[in-house]
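# Observations on the model geometry
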Amino acid sequence: MKVYVSVDMEGVTGLTDPEEMHAGGRGYERGCELMTGDANAVIQGAFDAGAEAVRVNDAHGSVKNLRIDLLDERATLIRGPGKPLRMGQGLDRSYRAACFAGYHARAGVQHGVLNHTWMGKEIQNVYLNGEVCGETRLVASFAGSLGVPVALVTGDEAVCEEARELLGDVETVAVKKGVDRFSAELLPPAVAQARIREAAARALNRVADFRPCAPEPPFTLGVEWNSTAIAAGCALIPGVRSAGPRHTEFVTDDFAQIMALMGIFSMVGGQIACGSGVYG
């Protein structure tokens, strides 16, 4: 059994501060250690359940956050920028299950710790086939397009609820309970990571219970931006059309194109926002 693990950072045990998410920020280095601890808990649970191979993808921001020197030596790690499939890089049909660690609620979810969708401030909402969509839905749908089910989601209570609404009886571990966007009630790392390890093993021991999240093509990706300038810039990308002053749409039969496009959106939208000063 091959297991794929996508690891984000906002939903990692113990983290609530935006500075902990970025290199150079207060608490970032400790945040990377905690992120690696959550990843290791999933890896350990996977091998407890009989996994033969585990591939881990660093899916947050710079994608250079996980500490390879602290990672469980039985796993491999995909790290660094330039990954065309971003949060789903390295996933293919050979995997029996996918696990998401350190995930967070979509933009605008009340009590969602560090809630956002793909970008921190540039995106108001993302829609998939007309339904509001967070990163859990995006990456789970990509996995589903390959026939791979999601077995485990860890993060705050809000993303666990989001995952169960989308995926049904998926295993979840809430490592924190949101008070507001930047505050939460936290579990100690030893407690949270023990629960993650147990849930990963439990999930993979009943992997036959899970079904891929597979929306029907064609896939329509809609993005509501916070800026007319970002929407106009992204509408210049071939295949993307303007659907309103702050809205873009893209239609495809290949979900991998959506994953790749979200990466391009991050580059274009981020550049426009960063160059626009207080109006960005």
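The rules behind the values
All residue numbers refer to position in the chain's written sequence, counted from 1. Restriction of local features to residues with pLDDT of at least 70 applies here, the model being predicted, together with a cutoff of 80 or more for giving and counting side-chain atom pairs; totals for whole chains, interfaces and linings are based on all residues. The basis for every side-chain value is the complete set of heavy atoms in the structure, and neither hydrogens nor water enter the calculation. Numbering goes from the N terminus for both helices and strands, where a helix is a DSSP run of H or I of at least four residues and a strand is a run of E of at least two. Radius of gyration: C-alpha atoms only; globule rule: 2.2 Å multiplied by the number of residues to the exponent 0.38. Note on definitions: a residue-residue contact is assigned when non-hydrogen atoms from the two residues lie within 4.5 Å. Positive charges come from Lys and Arg alone, negative charges from Asp and Glu alone, with His and the N- and C-terminal ends not counted. Note that the charge is assigned to NZ on lysines, CZ on arginines, CG on aspartates and CD on glutamates. Paired strands are those between which DSSP finds at least two bridges. To qualify as a nonpolar core, a set must consist of buried Ala, Val, Leu, Ile, Met, Phe, Trp, Tyr and Cys residues joined through side-chain atoms within 4.5 Å. A simple rule labels every residue: compare its accessible area, found with a 1.4 Å probe on the protein chains alone, to the largest value its type can have, and call it buried under 20%, exposed over 50%, or partly exposed in between.

## Things to note about the overall build of the protein
A count of helices and strands for the protein gives six helices and twelve strands. Taken against the 2.2 N^0.38 rule, which gives 19 Å for 280 residues, the C-alpha radius of gyration of the protein at 18 Å falls within 12% of a compact globule. Seen along its three principal axes, the alpha-carbon backbone of the protein occupies a region of about 50 × 40 × 30 Å. A separation of at least 24 residues holds for 69% of the contacts in the protein among residues at least 6 apart in sequence. Counting 26 positive and 34 negative side-chain charges, the protein places the averaged centre of each group 2 Å from the other.

## Concerning the sheet that holds strand S11 (residues 240-244)
The five strands lie next to each other as S6-S5-S10-S12-S11, forming an open sheet whose pairing is antiparallel. Where the open sheet ends on each side, the last strands, each with one partner, are strand S6 (131-132) and S11. As paired elements, strand S10 (residues 219-225) and strand S12 (residues 247-252) share six bridges and run antiparallel to each other. Bridge pairing in S12 places Val 223 opposite Thr 248.

## A short note on the nonpolar core
Counting 47 residues, the largest nonpolar core has Leu 221, Trp 225, Ile 258, Met 262 and Phe 265 as the members making the most contacts within it. Elements represented by at least two residues in this core include exactly strand S4 (97-103), strand S5 (123-128), helix H2 (135-145), strand S7 (150-156), helix H3 (157-167), S10, helix H5 (228-234) and helix H6 (255-274). Apart from residues no more than four positions distant in its own chain, Met 262 is found in contact with Trp 118, Ile 123, Val 126, Leu 138 and Leu 221. The next biggest cluster of nonpolar side chains, apart from the first, holds 41 residues, and it includes Ala 41, Ala 49, Val 113 and Phe 210.

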